[in-house]
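What the coordinates show
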Amino acid sequence: MKRKNVSKQHILDEIKRTASENGGMPLGISKFFQETGIKDTDWAGKHWARWGDALKEAGFEPNQLNAAYEREFLLENFAFLVKELRKFPARRELQMKTRTDEAFPSANTFARFGNKHELAREVYLYCKGKSQFDEIIPICESVLSADSEPNEEPQQEGELGYVYLMKSGRFYKIGRSNAAGRREYELAIQLPDKLTTIHTIKTDDPPGIEAYWHTRFASKRKNGEWFELLSSDVQAFRRRKFM
């Protein structure tokens, strides 16, 4: 059965109701959908161009959110900008969005998530499992797996290290170390089965790149940093030389 159009007034009433139940704070798009069943496709491009416009019409000025720019609110706004641009925005694009859309958070507020790779990882984790952001997942993955782009503003250089893939028995371990080879020796003396290094990725962000691969293979995690991977998973890891 075809779903009936959701009226503008009904959406406004639901924004006010859910905000009242949330201590006077309007919900973000994803939580609003969870609470009401109203999808972004029910209002986006029909009643309002942006969620901030709907909140304003419901009586919630953007400046009321300044003191509570919570993690989800920021990531939600950033995710919709990625969706709008069909690419991961550069700093200047964030600044332009802030100037042209008063409902959009200040570009500087996203610095709380760290550098570009760290922000991409947060956006990836936020969007994963949300159907309205399916197209954003590969965009974030490309940022997480790519070398630093020469045209981007330089990021603070971290200590070079390695993210490694090792195999013992039928399981694989994904971890990080500041010295290639040293971790293999440390683990080898602890394990009953032979330990083999399959591949190492050189990186200036070992924690971030390790987290990326842990997230990518999360469904195949067995215990801690140990995973049961397919040959295609191993090949995907081996294609990376530097991240």
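Here is a short report on the structure shown in this document. (Residues numbered from 1 in each chain as written. Predicted model: local features only at pLDDT ≥ 70, side-chain atom pairs only at ≥ 80, totals over all residues. Heavy atoms only, no water.)

1. Quick notes on the overall build of the protein
- Helices and strands together make up the secondary structure of the protein, namely 10 helices and five strands.
- Counting every position in the protein, which comprises 243 residues, the buried fraction comes to 42%.
- Within the protein, counting contacts between residues at least 6 apart in sequence, those at least 24 apart form 66% of the total.
- Just so you have it, the protein exposes about 13800 Å², and 46% of that area is on carbon and sulfur atoms. (Helix = DSSP H or I, 4+ residues; strand = E, 2+ residues; numbered from the N terminus. Buried < 20%, exposed > 50% of the residue type's maximum accessible area, 1.4 Å probe, protein only. Contact = heavy atoms within 4.5 Å. Areas by Shrake-Rupley, 256 points an atom, 1.4 Å probe, with all protein chains shown as cover.)

2. Describing the packing of helix α4 (residues 71-85) against helix α5 (residues 91-100)
- In the contact formed by α4 and α5, the axes pass within 12 Å of each other and the chain directions differ by 105°. Relative to α5, the element α4 lies roughly perpendicular. Every residue of α5 that contacts α4 at F78, L81, E84 and L85 is listed here: E93, L94 and K97.
- Each residue belonging to the contact of α4 with α5 can be placed in one class, and the counts come to four nonpolar, no polar and three charged. (Axes fitted to C-alpha atoms, helices over the stretch in contact; angles between N-to-C directions. Parallel < 35°, antiparallel > 145°, perpendicular 65-115°, else oblique. Nonpolar A, V, L, I, M, F, W, Y, C, P; charged D, E, K, R; others polar.)

3. What about the nonpolar core?
- In this structure, F78, F88, V123, C127, I136, I174 and W213 are the most contacted members of the largest nonpolar core, which totals 38 residues.
- Contributing elements (two or more residues each) for this core: α4, α6 (116-127), α7 (137-145), β1 (161-168), β2 (171-177), α9 (206-216) and α10 (231-238).
- The contact partners of F78, leaving out residues within four places of it in the chain, are F88, P89, L94, F104, F110, L119 and V123.
- Judged by nonpolar contacts, the second largest core, of 16 residues, contains V6, L12, I29 and W43. (Core = buried A, V, L, I, M, F, W, Y, C linked by side-chain atoms within 4.5 Å.)

4. What about the state of the cysteines?
- For the structure shown, the criterion picks out zero disulfides.
- The structure places no disulfide on C127, whose sulfur is separated from the nearest cysteine sulfur, that of C140, by 5.7 Å.
- Owing to a relative accessible area of 0%, C140 belongs among the buried residues under this scheme. (Disulfide = S-S within 2.5 Å.)

5. Re α10
- Residues of α10 that are buried: D233, V234, A236 and F237. Projected down its long axis, α10 carries its buried residues within an arc of 160°, all on one side. (Arc of directions from axis to C-beta.)

6. Some details on the pairing of β2
- Judged by how many residues are buried, β2 sits mostly within the fold: five of seven residues are covered.
- Examined bridge by bridge, β1 and β2 share seven bridges and lie antiparallel to one another. Paired with K167 across the bridge in β2 is Y172.
- Both β2 and strand β5 (residues 226-227) contribute to a ladder of two bridges, which runs antiparallel. (Pairing = 2+ DSSP bridges.)

7. A closer look at unusual backbone geometry
- Phi at R86 takes a positive value of approximately 60°, unusual for a residue other than glycine.
- Residue classification places R86 among the exposed positions, given a relative accessible area of 71%.

8. Some points on the pattern of salt bridges
- Evaluated as defined, the whole model comprises eight salt bridges.
- Across the pair R170 and E228 runs a salt bridge whose closest N-O atoms are separated by 2.3 Å. You can see R170 sitting in the loop between β1 and β2 and its partner E228 sitting in the loop between β5 and α10, a full 58 residues away along the chain.
- With a closest N to O distance of 2.8 Å, R176 and E210 form a salt bridge. On the criterion of sequence distance, the pair formed by R176 in strand β2 and E210 in helix α9 is long-range, its members being 34 residues apart.
- Residue classification places R176 among the partly exposed positions, given a relative accessible area of 43%.
- Given a relative accessible area of 9%, E210 falls into the buried group.
- Counted as one network, the salt bridges with shared partners bring together E14, R17 and E21. (Salt bridge = Lys/Arg side-chain N within 4 Å of Asp/Glu carboxyl O.)

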